[in-house]
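Fold and contact review
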Amino acid sequence: MRKFDLNIPNELDGITYLHKASDVHLDRYARYMAHEHYELELNLGISGTAQYFVDGSPYTIQSGTLLWLFSDQTHLITNASPDFSMWIVFVKPSCLEELCTEPPFQDLLKPAPHRILCSQLNNRNATYLSESAEQLLSREPQTLHNTLLRATVLFAYHSFLHSHDARQGGTTHPAVARATKLIQSKNYDASIDSIAKAAGISKSQLSRLFKNQTGMTLVEYRHKFFLERFMYIYGS
C-alpha cells in the first residue's frame, strides 16, 4: 500500500491534530480510508467511541485509550459516535532515531511491532497526555514545541508499558478482510458481485457482514475509497 505524505514542516519533529467526528471539514490525512504513513502515530481518545481497524483487526477507542500506529500498519477509523474526539500526534522517523536510543524505547523504531499496541490509561496519565497534546497544537515556539513533543512521546510510551489494561482487537471476518483488500487493489472497477464471489460468500451475506463490522455498506465503502483516492491524486 502506498504511504501518504503528511507534509510536516521541516523545522518540526511532528504535528498534533485534534480529530472530532463532528467536524464538517477534516484535514486531508484525516479523510483517507485505509492508509499508511512513515510517521509514528499516537492516538488518545478524549470522548465518545470509535472503531479503529489496524491490519484488519478492530479496536475500540474511547476516553483514555492510547493506540500506537507504526509505518507498516494499515489502519482506518470508522463507526465514530457523534461526540467522538481524540488527539493524534505524528512523529517523524528522524526524531525517533535521535530520541529512542535505548531499550525499551527502541521498539518505537520498528516499522511494525509483533502486536498491536493499545491500552487503557489511568485518568492521571490520560489527563497529562491530553494537556500536553493541547499545548502542542500551537507549534510555537519551535524549540519548545519539539522539546515538548519528545517528552510527550517518552511519557506516552512509559505510560503504555506500565498500563495493566491492554486492549485486545476483535476478529474481522475473512470475507470482509478479503473484500477490503480487493477494493484497495488496482481493480477499481470491480463490481459488488465479483467482490462477493472472490470473497467466497453471497452478496447479501457480505453486505450484512461488512455493515456490521465497519459501520458502512460495501457500496458506501467502495465509493468513498474511490472518491478519496481521486482526491489524493488530483487534489481537494
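I will try to describe carefully the structure that is included in this document.

Definitions and limits used
- For every chain, the first residue of its written sequence is number 1, and the numbers climb from 1 along that sequence.
- Only residues with pLDDT of at least 70 are given local features in this predicted model, and only at 80 or more are side-chain atom pairs given and counted; all residues enter the totals for whole chains, interfaces and linings.
- As a rule here, side-chain values cover all heavy atoms of the structure and leave hydrogens and water aside.
- The way it works is that DSSP assigns letters per residue, a run of H or I at least four long becomes a helix, a run of E at least two long becomes a strand, and they are numbered from the N terminus.
- Contact criterion: two residues are considered in contact whenever any of their non-hydrogen atoms come within 4.5 Å of each other.
- Pairing between strands is defined by DSSP: at least two bridges between them are needed.
- Only the stretch in contact is used when fitting a helix axis, every axis being a line fitted to C-alpha atoms; angles between N-to-C directions are given from 0 to 180 degrees.
- The pairing test for Phe, Tyr and Trp rings, Trp by its six-membered ring, is centres within 6.5 Å, and the orientation test on the planes gives stacked under 30 degrees, edge-to-face over 60, and tilted for anything in between.
- By convention a nonpolar core is built from buried Ala, Val, Leu, Ile, Met, Phe, Trp, Tyr and Cys residues, the set being connected through side-chain atoms within 4.5 Å.
- For each residue, the accessible area found with a 1.4 Å probe, counting protein chains only, is set against the maximum for its type, and the residue is called buried under 20%, exposed over 50%, and partly exposed in between.

Now for the overall build of the protein. Each helix and strand in the protein was counted, giving 8 helices and 10 strands. Looking at the protein alone, contacts between residues at least 24 apart form 76% of all its contacts between residues at least 6 apart.

With that settled, the discussion passes to the sheet that holds strand S7 (residues 65-69). Taken in spatial order, the 5 strands line up as S2-S9-S4-S7-S10 in an open sheet, and their pairing is antiparallel. Each edge of the open sheet carries a strand with a single partner, namely strand S2 (14-20) and strand S10 (118-120). Ignoring strand direction, the axes of neighbouring strands in this sheet form an average angle of 15°. Sheet topology note: the S2/strand S9 (residues 85-91) ladder contains 7 bridges and is antiparallel. The residue bridging Leu 18 from the neighbouring strand is Trp 87, located in S9. Sheet contacts for helix H4 (residues 142-161): S2, strand S4 (40-47), S7, S9 and S10; angle to S7, the most-contacted strand, approximately 110°.

Next up on the list: the packing of aromatic side chains. The full count for this structure, using the stated rule, is 4 aromatic pairs. Arranged with centres 6.0 Å apart and planes meeting at 55°, the rings of Phe 105 and Tyr 157 form a pair that is tilted. Residue Phe 105 is located in the loop between helix H2 (93-99) and S10, and its partner Tyr 157 is located in helix H4; the two are separated by 52 residues in the primary sequence. Taking the centre distance of 5.9 Å and the plane angle of 20° together, the rings of Tyr 157 and Phe 160 count as stacked. Remark: Phe 160 and Tyr 157 occur in helix H4; sequence separation between them is 3 residues, near one turn of the helix. A connected cluster of aromatic rings, assembled from ring pairs, spans Trp 68, Phe 105, Tyr 157 and Phe 160.

The subject of this paragraph is the nonpolar core. In this structure, Leu 40, Leu 42, Trp 68, Val 91 and Leu 108 are the most contacted members of the largest nonpolar core, which totals 25 residues. Those elements that place two or more of their residues in this core are S4, S7, S9, H2, helix H3 (123-136) and H4. Among the elements that line this core, the one with the most residues is H4, at 5 residues. With residues near it in sequence (within four places) discarded, Leu 108 still touches Leu 40, Trp 68, Phe 70, Leu 96, Cys 100, Val 153 and Tyr 157.

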